[in-house]
Amino acid sequence: MRICDLDTPSLLLDKDIFDHNLRLMSQRARAAGKLLRPHAKTHKCSRIAKEQLAAGHCAGVCAAKVSEALALLCAGLPSVLITSPVVGKLKIDHLCACLATGAECLVVVDNYDNAAALSAAAGACGRTLPVLLDIDPEMGRTGVAFAEAPALAHRIAGLEHLHLRGLQCYAGHLQHLPDCTRRQAESQRLMRQTAQIYRGLQNEGLQLDIFTGTGTGTAAADLKIAEITDLQVGSYCVLDAEYAAVEDPQNLSFEDFRPALTLLTSVISTNIAGQVTVDAGLKALYYTPAAPPRVVRAAQPLPGWRYDWFGDEHGTLFFSGQKAPALGEYFELCLPHCDPTINLHDSIQVHQQGQVIEQWPVDLRGLGQ
Ligand SMILES: Cc1ncc(COP(=O)(O)O)c(C=O)c1O
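This report concerns the structure included in the present document. This is a predicted model, so every value here is computed, not measured.

Parameters at a glance
- Residues numbered from 1 in each chain as written.
- Predicted model: local features only at pLDDT ≥ 70, side-chain atom pairs only at ≥ 80, totals over all residues.
- Near = placed C-beta within 6 Å.
- Nonpolar A, V, L, I, M, F, W, Y, C, P; charged D, E, K, R; others polar.
- Pairing = 2+ DSSP bridges.
- Helix = DSSP H or I, 4+ residues; strand = E, 2+ residues; numbered from the N terminus.
- Buried ≥ 20, exposed ≤ 12 C-beta atoms within 10 Å, placed from the backbone.
- Contact = placed C-beta atoms within 7 Å.
- Right-handed = clockwise from strand over helix to strand, strands pointing away.
- Expected span 1.5 Å × (residues − 1).
- Arc of directions from axis to C-beta.
- Core = buried A, V, L, I, M, F, W, Y, C linked by C-beta atoms within 7 Å.
- Domains from an automatic or database assignment.

What follows deals with the site of the ligand. Near the ligand lie 15 residues; those nearest to it are Tyr170, Gly215, Thr216, Gly234 and Ser235. Within the shell around the ligand, the residues separate by chemical class into three nonpolar, 11 polar and one charged.

Right, here's the structure in full:
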């Protein structure tokens, strides 16, 4: 089957570009003596997580939610770190189901009472739960402040059924900073502060072996921090226009990573001059004004063509030039933001040079708890 035989809208993954992105991040980690712990929140697809592991140099993968972690473990992934706190009885029960798979499941904590509840639950199912202390990189989302981290680490390390393995610090607010020098310097400042705590705790006798963090935007800077053990990068594998807008919007690239995903859409109405209506709107393509989708492939020349959302089901393609796009004509759009767009689709059509070679289910889709 070729791309032009697919129904629309469809999410397409260019396998050659995807492989290039995986190879590149693996090479960079290997050269710096680090591991990767790729974040599955980006793609919500256990098959992609397996491809990331197969590309090598991985400590495991990450999940944002406990339901995602359980799905990844049930799909056969050997080690999953949950990068948000797991709070409340229902979620802790799901965490126990993760432990019952027998595979490795780690979770971050930033609060003593939550850690005590996790310890009690792990004890009740006869397990020891590996945890990381989440450090707040002055972002105010999750994590404990730098000044309070050492004392909390020692208290958590004293809980009977937890094993404090290390620290997580993820500076989400820096990832898309357009000023590269500032992005890298700020990230290194925060990571050095975390590294100081990591070393301090080790010197005080805690057996820590994990210092994880970073995203695609700060990976290059954070690779230079000696204490960091692994990088929980996410977007690099498929990239998107938002990352490209940070560095090279014209060539759609970020530090040589390139967009592997596109949305295939087609024209369903042509009755208005200068524009046509396509079958992809908010339900197929996540909205962000930061990086509007660009037409990256079409049967006709593209300069001056522009896509805009037109409600839930539709988009408008504004065009310039002599020949109007015809009914049924296909276009590929670069994704503005990969994570929430992938979560709108059941499957990804994987292609090589226009030939559809596989279909990968977005099996973690909708798992938001
Ligand atoms: C905790 C955590 N780690 C890693 C990532 C991956 O970041 P990126 O997609 O920028 O590589 C994210 C993304 O939001 C995240 O929330």
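So, about the sheet that holds strand E7 (residues 162-169). Pairing between the strands of a sheet is mediated by backbone hydrogen bonds and can be parallel or antiparallel. Spatial strand order, E2-E9-E8-E7-E6-E5-E4-E3: eight strands in an open sheet with parallel pairing. Strands at the two margins of the open sheet, each flanked by one partner only, are strand E2 (35-36) and strand E3 (61-63). Sheet analysis places E3 next to strand E4 (residues 79-82), joined by three bridges and oriented parallel. Bridged to Val61 within E4 is Val80.

Locating Trp305 in the fold gives a position in the loop between strand E12 (295-298) and strand E13 (306-310). It is 6.3 Å that separates the C-alpha atoms of Trp305 and Ser320, two residues lying 15 residues apart in sequence.

What sets the pattern is the α-helix's 3.6 residues per turn: residues three or four places apart point alike. In terms of burial, helix H3 (residues 66-74) is largely enclosed, as seven of its nine residues are buried. Within H3 the residues assigned to the buried category are Val66, Glu68, Ala69, Leu70, Ala71, Leu72 and Leu73. Looking at the buried side of H3, the elements it contacts are helix H2 (46-54), E3, E4, helix H4 (89-100) and strand E5 (104-109).

Here the focus is the pairing of strand E6 (residues 129-134). The element E6 is extensively covered by neighbouring structure, given that five of its six residues are classed as buried. The parallel pair E5 and E6, bridged by helix H5 (residues 112-124), forms a crossover whose chirality is right-handed. With six bridges connecting them, E6 and E7 associate as parallel partners. Bridge pairing links Leu129 to Leu162 in E7. Each parallel crossover has a hand, and the one from E6 via helix H6 (residues 149-157) to E7 is right-handed.

Here we take up H4. With 12 residues, H4 should cover 16 Å at 1.5 Å per step; its first-to-last C-alpha distance of 16 Å lies within 8% of that length. Those residues of H4 that fall on the buried side of the exposure criterion are Ile92, Leu95, Cys98 and Leu99. Axial view of H4: buried residues confined to an arc of 100°, hence all on one face. Set apart from the buried face of H4 by more than 90 degrees, the exposed residues are Lys89, Leu90 and Asp93.

A few words on the nonpolar core. One broad trend across soluble globular proteins is that nonpolar side chains are buried collectively. Among the nonpolar cores identified, the biggest contains 107 residues, and Ala69, Leu72, Val80, Val107, Val131 and Leu133 are the most heavily contacted of them. Of the residues forming this core, the biggest block, six residues, is contributed by H3. Per-domain counts for this core show at least three residues from each of domain 1 (3-9 + 255-361) and domain 2 (15-238). Excluding its chain neighbours within four sequence positions, the residues that come into contact with Ala69 are Ala63, Val80, Ile82, Cys98 and Cys105.

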